[in-house]
Amino acid sequence: MADTVQAPPIKVTTPGAGGAVRNSSRGGEIAGVASIAVIIVWCLLPFYWMVVMAFRDKAYTFSTTPFPNHLTLSNFRFAFDTTNNHFGRSLINGVVIGGTVTIVAMIIGVFAGYALARLQFRGKFFVLAAILGASMFPGVAVLTPLFKLFTDLGWLGTYHALIIPQISSSLPLAVYTLSSFFADMPWELEQAARVDGATPGQAFRLVIFPLAAPALFTTAILVFLASWNEYLLSSILYNGKDNVAPPTVAIAKFTAGPHIVPYTQTMAAGVVITIPLVIVVLLCQRRIVSGLTAGGVKG
């Protein structure tokens, strides 16, 4: 009996199916790019308009032209004119206040976050809940008690009156962020260091601390930005002393005469305020990237 030869199965393809898949994929990519473009424009449009206004002559303040025209640098000269305001001094004050707040908050936050992540003790959950609860108090609720306290101590119009409240408001952010990061780090790293003869302090300093660089620099940037942009407490606790007023307070005091709001000059000062923020991000960007790869394990 002759062997029966079976024909290979016939593959049926739907005409245009591959093209439809490719078109669908291309359509998804276009939609994604369009969404990103909309988000970028939405976020950068206010900053673009601020830059346009900063270089525009004050005689054309209310011009609706969306492109730069009637350019001038007089707005920046006005911002740094000490006869009209103390904006230049306020930039130094902002760096001093923000830098001090960041350093103190990070020093305390690193050890507190590490302890909450690694140590097991009674009431640990309530400690973390109390830290988070402290960050929920609105600034206006503590403004009056702080004003009365600093008045009794004679601290109004001083640096420590502006720094201490901001440290208390920045610590919850630093502690919670760092504790979450430390909790995700494997115990085996410390155990391996201890096996090699390192003390707990050496294990933290030589192993954990370098690996925590991304979280440290990210948290430091967030704390500094929060301090740099703070206005509510500073506007009251600086007590009219221009020698300690931060930039946000100095800009609010801009005036070009009775009942005259210097819009273009205020925009120029706003552009200047963003420069330190950009510098901080650019300086820390390389450290953050290097920290991300610092924990690589060699085979």
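Residues numbered from 1 in each chain as written. Predicted model: local features only at pLDDT ≥ 70, side-chain atom pairs only at ≥ 80, totals over all residues. Heavy atoms only, no water.

A.B. asks: Sorry, what's going on with the overall build of the chain here?
C.D. replies: Along the chain, the regular secondary structure elements total twelve helices and zero strands. When the helices and strands of the chain are placed in sequence order, the string is α-α-α-α-α-α-α-α-α-α-α-α. In the chain, once contacts between residues fewer than 6 apart in sequence are set aside, the share between residues at least 24 apart is 69%. Approximately 18600 Å² of the chain is accessible, and the part contributed by carbon and sulfur atoms is 70%. (Helix = DSSP H or I, 4+ residues; strand = E, 2+ residues; numbered from the N terminus. Contact = heavy atoms within 4.5 Å. Areas by Shrake-Rupley, 256 points an atom, 1.4 Å probe, with all protein chains shown as cover.)

A.B. asks: Would you explain the packing of aromatic side chains in this entry?
C.D. replies: The description of an aromatic ring pair rests on the distance of the ring centres and on the angle between the ring planes. One pass over the structure, following the stated rule, counts 14 aromatic pairs. Plain terms: the ring middles of phenylalanine 224 and tryptophan 228 are 5.8 Å apart, the flat faces sit at 25 degrees to each other, and that makes the pair stacked. In this pair, phenylalanine 224 and tryptophan 228 are both assigned in helix H9 (residues 213-228), four residues apart and thus about one turn of the helix distant. Comparing phenylalanine 224 with tryptophan 228 shows no difference in burial state: the two are buried. Of the aromatic side chains, those joined through ring pairs into one cluster are Phe111, Tyr114, Phe181, Phe182, Phe204 and Phe209. (Phe/Tyr/Trp six-rings, centres within 6.5 Å; stacked < 30°, edge-to-face > 60°. Buried < 20%, exposed > 50% of the residue type's maximum accessible area, 1.4 Å probe, protein only.)

A.B. asks: How should the nonpolar core be read in this particular structure?
C.D. replies: In a soluble, globular protein the nonpolar side chains are often hidden away together inside. The biggest cluster of nonpolar side chains holds 23 residues, and the ones touching the most others in it are Val101, Phe150, Leu162, Leu237 and Tyr238. When contributions to this core are tallied by element, the ones reaching two or more residues are helix H3 (87-118), helix H5 (139-153), helix H6 (159-184) and helix H10 (232-237). Among the elements that take part in this core, H6 stands out by supplying seven residues, more than any other. Judged by nonpolar contacts, the second largest core, of 18 residues, contains Ala54, Phe76, Ala250 and Phe254. (Core = buried A, V, L, I, M, F, W, Y, C linked by side-chain atoms within 4.5 Å.)

A.B. asks: How do you make sense of the pattern of salt bridges when you look at a structure like this?
C.D. replies: When the charged atoms of two side chains lie near each other, side chains of opposite charge can form a pair. Following the criterion strictly, the structure yields two salt bridges and no others. In this structure, the salt-bridge partner of aspartate 152 is lysine 148, at a minimum N-O distance of 2.8 Å. With aspartate 152 and lysine 148 both in helix H5 and four residues apart, the pair spans about one turn of that helix. Ionic pairing is found between lysine 253 and aspartate 242, a salt bridge with its closest N-O pair at 2.5 Å. Taken together, the residues lysine 253 in the loop between helix H11 (247-252) and helix H12 (263-293) and aspartate 242 in the loop between H10 and H11 connect sequence positions eleven residues apart. For lysine 253, a relative accessible area of 37% puts it in the partly exposed group. (Salt bridge = Lys/Arg side-chain N within 4 Å of Asp/Glu carboxyl O.)

A.B. asks: Honestly, the side chain of threonine 264 in this entry has me stumped. Any pointers?
C.D. replies: The topology assignment puts threonine 264 in helix H12. Engagement of the side chain of threonine 264 in a polar contact is seen with the side chain of glutamine 265, the distance being 3.0 Å. Setting aside anything within four residues of it in sequence, one finds threonine 264 in contact with Met53, Ala54, Arg56, Asp57, Lys58, Thr61 and Asn75. (Polar contact = N/O pair within 3.5 Å; in protein donor to acceptor, adjacent residues only side chain to side chain.)

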